[in-house]
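Chain by chain, the residues run as shown.
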Amino acid sequence: MYLELKRPWDHRVATVASDGPPVVIVPADAGTKPHVKKKRHPAAGPGGAGPIAHGDDPETDPDPVDLGPTTVSLSAADRALEWRGDDTQLPAQTIDMAGGGEARPLDDGEIGAAINGQGGAVRDCIVQGATGTDLKATITVKIVVDGRGRPIRSRVQAPRYLFEHGLLGCTQRAVGHLHFPATGAPTLVTFPLTLG
């Protein structure tokens, strides 16, 4: 499994770009420990001592059978993409006719620096939800950033399975900790992460 961040930064509404380099590479087991199954034997009498077959006694057989990590079988419904989260429409903008300061949306460089430097927690949410699966998808995160550089609303498009395993809450908490430069105007930030 690997996770790749693409950088389609646009100061209004970003579009998907295909030239983004890989950001996170995760091994197929995603850091999980292999599951080792131990056999239990029925009690052989009032003392509760039953026979121990070869390979079941950890003192005489220090290497129990390794069954390896199990992969969750996903249905088409589990893999179906859906949007969940807040409304990410930009608020109505007002024009300052007094010329007190020039408000502008975030530019591509400012968005890229913030996501690349602080986006690890969002990627961790995706990897955590997909661990133990063969899920391949592009997860899209939309964030409304206010003029002070604070994320105020977010929305996520991802497979249903990830939402059922806590993706939305985890992602919204991670997005809430992002900091962008204050530019005086709201910006819609959209970034896709490819899981595969």
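With that settled, the discussion passes to the environment of Asp108. In this structure, Asp108 sits in helix α2 (residues 108–118). Separated by 81 residues in the primary sequence, Asp108 and Val189 place their C-alpha atoms 9.6 Å from one another.

Within strand β4 (residues 137–145), seven of the nine residues are buried, which leaves the element mostly enclosed by the surrounding structure. Summarising the sheet, β4 and strand β5 (residues 151–159) pair through six bridges and their orientation is antiparallel. Paired with Val145 across the two strands is Pro151, which belongs to β5. Linking β4 to β5, which pair antiparallel, is a turn of five residues; within it Gly149 sits at a positive phi near 90°.

Take helix α5 (residues 167–176) next. Residues Leu167, Cys170, Thr171, Ala174 and Val175 constitute the buried set of α5. The arc enclosing the buried residues of α5, seen along the axis, measures out at 130°, which places them on a common side. Check the buried side of α5 and you find it contacts α3 (120–130), β4, β5 and α4 (160–164).

Turning next to the state of the cysteines. With the rule as written, the count across this model stands at one disulfide. Linked covalently through their sulfurs, Cys125 and Cys170 form a disulfide whose S-S length is 2.0 Å. Every disulfide takes its handedness from the sign of the S-S torsion; for Cys125 and Cys170 that torsion is -80°, giving left-handed. Within this pair, whereas Cys125 is found in helix α3, its partner Cys170 is found in helix α5, the two being separated by 45 residues in sequence. Taking relative accessible area as the criterion, Cys125 reaches 5% and is therefore assigned buried.

Let's shift gears to the confidence of the model for the protein chain. Averaged over every residue, the pLDDT of the protein chain is 77; the share at 70 or more is 61%. Strand β2 (residues 24–25) is the least confidently modelled element of the protein chain, averaging 40 in pLDDT, while strand β3 (residues 81–85) averages 98, the highest of any element. Here residues 10–29 is a poorly scored stretch, pLDDT under 50, and it has 41 contacts once near neighbours within four places are set aside; other chains count. Confidence drops under pLDDT 50 across residues 48–54; counting only partners more than four residues distant or on other chains, this segment forms eight contacts.

About the criteria used
- Residues numbered from 1 in each chain as written.
- Predicted model: local features only at pLDDT ≥ 70, side-chain atom pairs only at ≥ 80, totals over all residues.
- Heavy atoms only, no water.
- Helix = DSSP H or I, 4+ residues; strand = E, 2+ residues; numbered from the N terminus.
- Buried < 20%, exposed > 50% of the residue type's maximum accessible area, 1.4 Å probe, protein only.
- Pairing = 2+ DSSP bridges.
- Arc of directions from axis to C-beta.
- Contact = heavy atoms within 4.5 Å.
- Disulfide = S-S within 2.5 Å.
- pLDDT = per-residue confidence, 0-100.

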